[in-house]
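Spelled out from the first residue to the last, the chains are:
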Amino acid sequence: MWVVYVVGFILVVGAYLSYLTVTIPVSAGVACAVYAVGMPVVYVRGLGKVLATRSPELPEPQNWPKPPKDGDPAVLQYFYGPAMADADHAVRVAVGNCQKLWNSGIKAAEESFNTDDMTWFTAPLGVGGFIGGLAGTVVGTLITAVLAVIHLLVVGVSAALVRATGSVLRAADSTMLWVKNVKMVCPHCYERVPYPAYDCPGKNCTNRHRDVRPGKFGIFKRRCQCGARMNTLLLFGSSRMAAFCPHPGCKRSLEHRPGEAPEVVLPFFGATGAGKTRLLFSMVTQLQAWTENGQLKAEFGDSSTARELDIASTLVRSGGSTIGTSVELPRAHIIRLTLKKGTRILQLFDAAGERFYNTDRTQELRYLNKARTFILVIDPLSVESFWQQLPANTQAELSAVKSTAPSPELAYQQTHQQIEAMGVQLKKVRLAVVFSRADLIGMPDGDVVEWARNELGLGNLIRSTTQNFKEAGYFRTAAIMEAGGRMHKSVAELMDWVMAREGVELPGVTS
Amino acid sequence: MTNRIEENAYKWSRRYVFIATLVAIAALLALPFLI
């Protein structure tokens, strides 16, 4: 009988060993496969949740990049920080899910030893599952790491491409400005404007963006913190937004849409009462006449210019006197000039004559080193020797309009020295010397230079202007309307000379 | 969670990164069959 028991026992043990031989490797294999495949699947699902579905149960992202201090009030471009934070977030989500997967495996293995009567049956499954789970975790971790590396590579390559695109676009924009010879100057603080600051175009948003160019806040567009989208480049039409001077001490409005066209800075200088403002008014009137004839289009570049120069043609037409210019620092009068061959933005600076008598006041006119052409206005009546030559009745007639300011040479010397002190090479800039009031003293035939030398006794000034500047032009102007409502031709002649040197072809005196 | 404006701003960039990663993974899996 005992033989039967022994044989039975051997058969049972053999059967159980056979069961173990099959069960443990199979359960280990299954567990290994589950973990080796499950972990990458869990990672990809986590990636999907973080990047695509954005399910609400996602945990808070760690290491979310903070916008730079003192930076613009804009949302960071995705590849300038948030993409890496998302990669980190996806790994954390995947680790959490893998932990759950691993815990469920451990729990199943533990339960396989606690099944009362069936422990002999389930325990091998648990043992195999545990061993397989360990091996699967190693394999799964390796595969998941490869997937994470692929994700990081995608982020890295995309970030590199995005940044390279940003640099190329910035360079293209700068090149375009350089080719078009666009150098922006603030009409208020006279500083060069490398790029205007812009107000957010969003409704009820007062955020101002100091540098909208492609970079960490966006390549083609940027998004303000209020959610509104903004163009990043003049190339893409950023000039349509409200522009401001980016310099911290200024920040004033640049209504004239800077960056769209080359700017021409034209400073008027000369003694008090020399006729600078009147000349400016007559130039504006001439531009308006050309506009009315359809030969070009001249429009005021901003509301301030419109307010101050709207009366120009009325005043010139009426022959009335201009009001003395305030000694405050001047703000440029801006005129947008649209011609067949392009657009120009004229910045006309008309400072009070008092500013040209002493160094401190002239020094403040920092726009002087932004100009390539200057206009020196001289009232011939203010030259004492010339005044003395006039007949007594003419003197009596003109004494009311005669400038009582010091000699025109003083304003010239002062300004000329200051321009040089500002680092301007005079041999690279031009000067128009304008003798005003030709309508009052007549326009004798002959060379203006000879007349100025012989009649006005301004030989030294003429010599200095001729020698020091790249080119000097001499004009006698009459800032009056002729019969028929046309500006005196001398104004158009002067403007032709000034603007031709700035690459602008004006209609000329025939109009 | 990031704010609503950031969520909107990053929506398409995130989708792009996800799809590009899946494509890269698929390409890697297909590599042995292509060689």
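Residues numbered from 1 in each chain as written. Chains lettered and ligands numbered in written order. Predicted model: local features only at pLDDT ≥ 70, side-chain atom pairs only at ≥ 80, totals over all residues.

Some points on the sheet that holds strand 3 (residues 197–199) of chain A
Residues and elements named next belong to chain A. Spatial ordering of the open sheet is given by 4-3-7-8, a layout of four strands whose pairing is antiparallel. Edge positions in the sheet fall to strand 4 (208–209) and strand 8 (253–254), since each of these pairs with one other strand and no more. Sheet topology places strand 7 (residues 243–244) next to strand 8; two bridges connect them, and they run antiparallel. Paired with Phe244 across the strands is Ser253, a residue of strand 8. (Pairing = 2+ DSSP bridges. Helix = DSSP H or I, 4+ residues; strand = E, 2+ residues; numbered from the N terminus.)

Points about the pairing of strand 14 (residues 430–435) of chain A
All names here are of chain A. The buried fraction of strand 14 is high, at five of six residues. Bridge count between strand 13 (residues 373–378) and strand 14: six bridges; the pairing is parallel. Considered in strand 14, the bridge of Phe374 is made with Leu431. Two elements, strand 14 and strand 15 (residues 471–476), share six bridges in a ladder whose sense is parallel. (Buried ≥ 20, exposed ≤ 12 C-beta atoms within 10 Å, placed from the backbone.)

Re the pairing of strand 11 (residues 333–339) of chain A
Residues and elements named next belong to chain A. The pairing of strand 10 (residues 297–300) with strand 11 spans four bridges and is antiparallel. Each residue of the ladder has a partner; that of Ala298, found in strand 11, is Leu337. As judged from the seven bridges shared by strand 11 and strand 12 (residues 342–350), these two strands associate in the antiparallel manner. Considered in strand 12, the bridge of Thr338 is made with Thr343.

Description of the interface of chain A and chain B
Counting from both sides, the interface comprises 22 residues of chain A and, opposite them, 17 residues of chain B. Counting only elements with at least two residues in the side of chain A that touches chain B, the list comes to helix 1 (2–53), helix 2 (82–111) and helix 3 (119–179) of chain A. (Contact = placed C-beta atoms within 7 Å.)

Quick look at the domain arrangement of chain A
Segmentation of chain A into domains returns domain 1 (2–176), domain 2 (184–254) and domain 3 (263–500). Each of domain 1 of chain A and domain 3 of chain A has a C-alpha centre, and these two points are 79 Å apart. (Domains from an automatic or database assignment.)

Details of the nonpolar core
Residues and elements named next belong to chain A. Judged by nonpolar contacts, the single largest core of 114 residues is most densely connected at Leu266, Ile375, Leu376, Ala432 and Val434. Tallying contributions element by element places helix 1 first for this core, with 12 residues. Apart from the residues within four sequence positions on either side, Ala432 is in contact with Thr373, Ile375, Leu376, Gly473, Phe475, Leu494, Trp497 and Val498. (Core = buried A, V, L, I, M, F, W, Y, C linked by C-beta atoms within 7 Å.)

Focus on the sheet that holds strand 10 of chain A
Residues and elements named next belong to chain A. If you trace the seven strands from one edge of the open sheet to the other, you get 10-11-12-9-13-14-15, paired in mixed fashion. Two strands close off the open sheet at either side, each with one partner strand: strand 10 and strand 15. Sheet twist, expressed as the average angle between the axes of neighbouring strands with direction ignored, equals 20°. (Axes fitted to C-alpha atoms, helices over the stretch in contact; angles between N-to-C directions.)

Brief notes about the environment of Pro214 of chain A
Residue and element names in this part refer to chain A. On the secondary structure map, Pro214 appears in the loop between strand 4 and strand 5 (221–223). Spatially, the C-alpha atoms of Pro214 and Asn369 are 30 Å apart, while their sequence positions differ by 155 residues. Not counting chain neighbours up to four residues away, the residues in contact with Pro214 comprise Gly166, Leu169, Arg170, Ile219, Thr232 and Leu233.

Considering the confidence of the model for chain B
Per-chain confidence: chain B averages 90 in pLDDT, with 94% of residues scoring 70 or above. Scored by ipTM, the complex comes to 0.94, with pTM at 0.81. (pLDDT = per-residue confidence, 0-100.)

Some thoughts on the environment of His247 of chain A
Looking at the secondary structure, you find His247 of chain A in the loop between strand 7 and strand 8. For the pair His247 of chain A and Glu191 of chain A, spaced 56 residues apart in the sequence, the C-alpha separation amounts to 7.9 Å.

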